[in-house]
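Given next are the chains, with one letter for each unit.
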Amino acid sequence: MKQSIGDFLLRRLQEAGIRHLFGVPGDYNLELLQQLHDTGALKWVGTCNELNASYAADGYARLNGLGALTVTNGVGPLSAINGIGGSYSEHVPVICIAGSIPLRSIDRGQGMHHTMADGSWDHFLNAYAHVTAAHARLTPRNSATEIDRLVITAWREKLPVYMELPSDIAYLDIEVPADPLVLAESPSDPERLRSCIAAIAERLAAATSPAILVDADAARFGVAPELMELAEKMQAPVAVINAAKAVIDETFPHYVGVYNGKASEPHTRDGIETSDCLLALGYRPIEVTTGDFSASLPANTIHARGYSVDVGDNNYQAVTLKEVLKGVIDAVPRVTNRAARQAAAAVAAHAHADGSAKVNQAAYWQAMQEYLREGDVLYVDNGTAFTLLGLKLPPKCTFVGSINWGSIGYSVGALLGALTAAPERRHILFVGDGSFQVSAQELSTILRHDHKPVIFLINNGGYTIERGYLGKDETYNDIANWAYADLPKVFCRDTTARSFVVKTVGELQKALSAANDTMIFVESIMDAHDALAPVINSSNKGAELDYGPRGPQDRENLQLRPVTTR
Ligand SMILES: Cc1ncc(C[n+]2csc(CCOP(=O)(O)OP(=O)(O)O)c2C)c(N)n1
Ligand SMILES: [Mg+2]
């Protein structure tokens, strides 16, 4: 059938399950936006800038399976590239569409705005080659095949892709497939799949202490249900890497916590490190996911990834994770009498601080633990907000974070995206003042679309987590003191948002009892040196790795240290 290139692209996005497009208009993508407007193919969600659009598309993809944004040549892609780099690092399928300079200008060598004006056309394509699984400049000849290749690659690989749509071709008609796009994994090679399943099942069945370790790919490839079924059948403990927080329901009886090397709870560490057959899912060790490389997985660990598995000396290709896990579940014998593992220490019940007491991190996170409820979507930005990783989550929660990439401000854009994908859920953002200042404008888009998240902002005068690396009292870790809780009003004159500035435990409790029928914005004022020991310890250790033995971190009073060891 005949269809214009722009309409075909929008149709394919729609067929791939994308219902919203984020981004910022510019002359090179306005024609595509007009096609979007005329066809009603997708809903437009304009953002304040392209970085936030890339974060929003990422947040959207986390809950929807795929997300997309459109930006305008040069200035747009380079603003968005940090976010797309994050999607690459965190394995999130995002389609970045850059409306680009007309093909006519390339044919005739005509310089155009939003370029380097140096007679070359490939700078941004080349830049994106480093942060995407695939990239292409669309032409009337290649659009019918390249659009499908890019959309399918993003979905299959769980990685971002980049396409340039020259502004003078979006309205041109080309011959395109009439059939809808089918997003399906290519089926496994039957023999490889059989052999792989047999090899895994044989080891698991022979083990006396099998265990499962889960990284974020388990969520991306949608195999958490299979992992829980397998754990149940084998009575095996399951731990997650912090990047996979909440991927396994934390109330699941075989869930044993977050594994982070020496920084883990003893029973979690024991369950993983002493296992005689560990099945690891998409494990990607870096310093912040391994307790600064203190993680020690058993030597015979089976490493399963989206499309390949390592078992002993054998590497299995052309197998898909879901098929492998389903086969293993069928093949392993049901275990009913595995010796009980050491149980997790009960969460210590702290006495509630008196209402007039100043709110501090300890009281704050204790209150948050009680505030969380089933089905919440939880966002954590960089900073003392990482404390959330240590809380025990109710059933069916989703965690949205950027543990590997760790770009501050991500959470605010991601919140917009995920709210757009799943507005019916309760979304709770945990963000520091420093992270919030990066992408705060997107609060206006969240309000504009009448979303109702709960936002918990810690105002501690700057970059507290960084003070644990270096600069305990240095001015480079200080930031301007905004009137954060006033921002809903600034960004939306007639807002019904409920804003609170909290200084005491009693004021926090009052804010927490506010109804969730509109945005709730809670700014809590805390001391710049207040952080719980796990956060400070992690920063202190990070400084050792970053600066080495000749670094300045040991100089007197230059680093925030945990209270007990100060
Ligand atoms: C884009 C980007 N720039 C800089 C950093 C370095 N960085 C990591 S955490 C952080 C400070 C976070 O401060 P805040 O959000 O206020 O959290 P707090 O620890 O104070 O609670 C900074 C600047 C980063 N991670 N990403
Ligand atoms: Mg701060």
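Being a predicted model, the structure only gives us computed values, none of them experimental.

Student: Which residues make up the coordination of the magnesium ion (ligand 2), and what values go with them?
Tutor: The protein atoms that coordinate the magnesium ion (ligand 2) are Asp433 (OD), Asn460 (OD1) and Gly462 (O), at distances of 2.0 to 2.1 Å. In primary sequence terms, the donor set of the magnesium ion (ligand 2) follows D-x26-N-x1-G. Assessed through its relative accessible area of 6%, asparagine 460 is described here as buried. Here glycine 462 falls in the buried class, since its relative accessible area comes to 5%.

Student: Quick rundown of the packing of helix H1 (residues 5-15) against helix H2 (residues 30-39)? Include the residues and the values.
Tutor: One can describe the packing of H1 onto H2 by two numbers: an axis separation of 9 Å at closest approach and a directional angle of 65°. The way H1 lies across H2 gives a crossing that is right-handed. Here H1 contributes Gly6, Asp7, Leu9 and Leu10 to the contact with H2, which in turn contributes Leu32, Gln35, Leu36 and Thr39. When grouped by side-chain class, the residues that make up the contact of H1 with H2 number four nonpolar, three polar and one charged.

Student: Quick rundown of unusual backbone geometry? Include the residues and the values.
Tutor: The phi angle at histidine 114 is positive, at roughly 60°, despite the residue not being glycine. Among the structural elements, histidine 114 can be located in the loop between helix H5 (103-108) and helix H6 (123-129). Even without being glycine, alanine 318 reaches a positive phi, approximately 60°. Mapped onto the elements of the fold, alanine 318 is located in the loop between strand E15 (314-317) and helix H12 (321-331). Taking relative accessible area as the criterion, alanine 318 reaches 44% and is therefore assigned partly exposed.

Student: Could you give me a rundown of the sheet that holds strand E12 (residues 277-281), with the residues and numbers involved?
Tutor: Overall, mixed pairing links the seven strands, which are arranged E11-E10-E9-E12-E13-E14-E15 in an open sheet. A strand with exactly one partner marks an edge of an open sheet, and here the two such strands are strand E11 (255-258) and E15. When strand polarity is set aside, the average angle formed by the axes of neighbouring strands in this sheet is 15°. Here strand E13 (residues 302-304) runs beside strand E14 (residues 308-311); their pairing, made up of two bridges, is antiparallel. Across the sheet, the residue bridging to histidine 303 is aspartate 310, located in E14.

Student: I'd like a rundown of the pattern of salt bridges, residues and numbers included.
Tutor: Under the definition given, this model contains 19 salt bridges. A salt bridge links glutamate 15 to arginine 11; the nearest nitrogen and oxygen atoms lie 2.9 Å apart. In this pair, glutamate 15 and arginine 11 are both assigned in helix H1, four residues apart and thus about one turn of the helix distant. Residue classification places glutamate 15 among the partly exposed residues on the basis of a relative accessible area of 27%.

Student: Which residues make up the environment of glutamine 437, and what values go with them?
Tutor: Mapped onto the elements, glutamine 437 comes out in helix H15 (residues 433-439). Along the backbone, glutamine 437 and glutamine 317 are 120 residues apart, and their C-alpha atoms lie at a distance of 45 Å. Apart from residues no more than four positions distant in its own chain, glutamine 437 is found in contact with Ile479, Ala480, Trp482 and Tyr484. A polar side-chain atom of glutamine 437 sits 2.8 Å from a polar atom in the side chain of tyrosine 484.

Student: Can you lay out the side chain of glutamate 31 for me, pointing to particular residues and giving the numbers?
Tutor: Turning to its location among the elements, glutamate 31 is positioned in helix H2. An unpaired buried charge is present at glutamate 31: no salt bridge exists, and arginine 104, the closest side chain of opposite charge, is 12 Å distant. If near-sequence neighbours (up to four positions away) are discounted, glutamate 31 is found in contact with Leu165, Pro166, Ser167, Ala170 and Tyr171.

Student: Which residues make up the environment of leucine 487, and what values do they have?
Tutor: Counting through the fold element by element, leucine 487 comes out in helix H18 (residues 487-491). In this structure the C-alpha to C-alpha distance between leucine 487 and valine 176, which are 311 residues apart in sequence, comes to 47 Å.

Student: Give me the lowdown on the sheet that holds strand E3 (residues 43-46), citing residues and values where you can.
Tutor: Ordered in space as E3-E2-E4-E5-E7-E6, the six strands form an open sheet in which the pairing is parallel. In this open sheet, the two strands that pair with only one neighbour each are E3 and strand E6 (134-137). Pairwise comparison of adjacent strand axes, ignoring direction, gives a mean angle of 20° for this sheet. With two bridges joining them, strand E2 (residues 20-23) and strand E4 (residues 67-72) adopt parallel strand pairing. Opposite phenylalanine 22, over in E4, you have leucine 69 as the bridge partner. Contacting E2, E3, E4, strand E5 (94-100) and strand E7 (161-166), H2 crosses the sheet at an angle of about 95° to E7. The sheet strands contacting helix H4 (residues 75-90) are E4, E5 and E7, and the helix crosses E4 at an angle near 155°.

The rules we used
Residues numbered from 1 in each chain as written. Chains lettered and ligands numbered in written order. Predicted model: local features only at pLDDT ≥ 70, side-chain atom pairs only at ≥ 80, totals over all residues. Heavy atoms only, no water. Donors = N, O, S within 2.8 Å, 3.2 Å for Na, K, Ca; no water. Buried < 20%, exposed > 50% of the residue type's maximum accessible area, 1.4 Å probe, protein only. Axes fitted to C-alpha atoms, helices over the stretch in contact; angles between N-to-C directions. Helix = DSSP H or I, 4+ residues; strand = E, 2+ residues; numbered from the N terminus. Left-handed = near helix turned anticlockwise from the far one by under 90°. Contact = heavy atoms within 4.5 Å. Nonpolar A, V, L, I, M, F, W, Y, C, P; charged D, E, K, R; others polar. Pairing = 2+ DSSP bridges. Salt bridge = Lys/Arg side-chain N within 4 Å of Asp/Glu carboxyl O. Polar contact = N/O pair within 3.5 Å; in protein donor to acceptor, adjacent residues only side chain to side chain. Lys, Arg positive; Asp, Glu negative; His and termini not counted.

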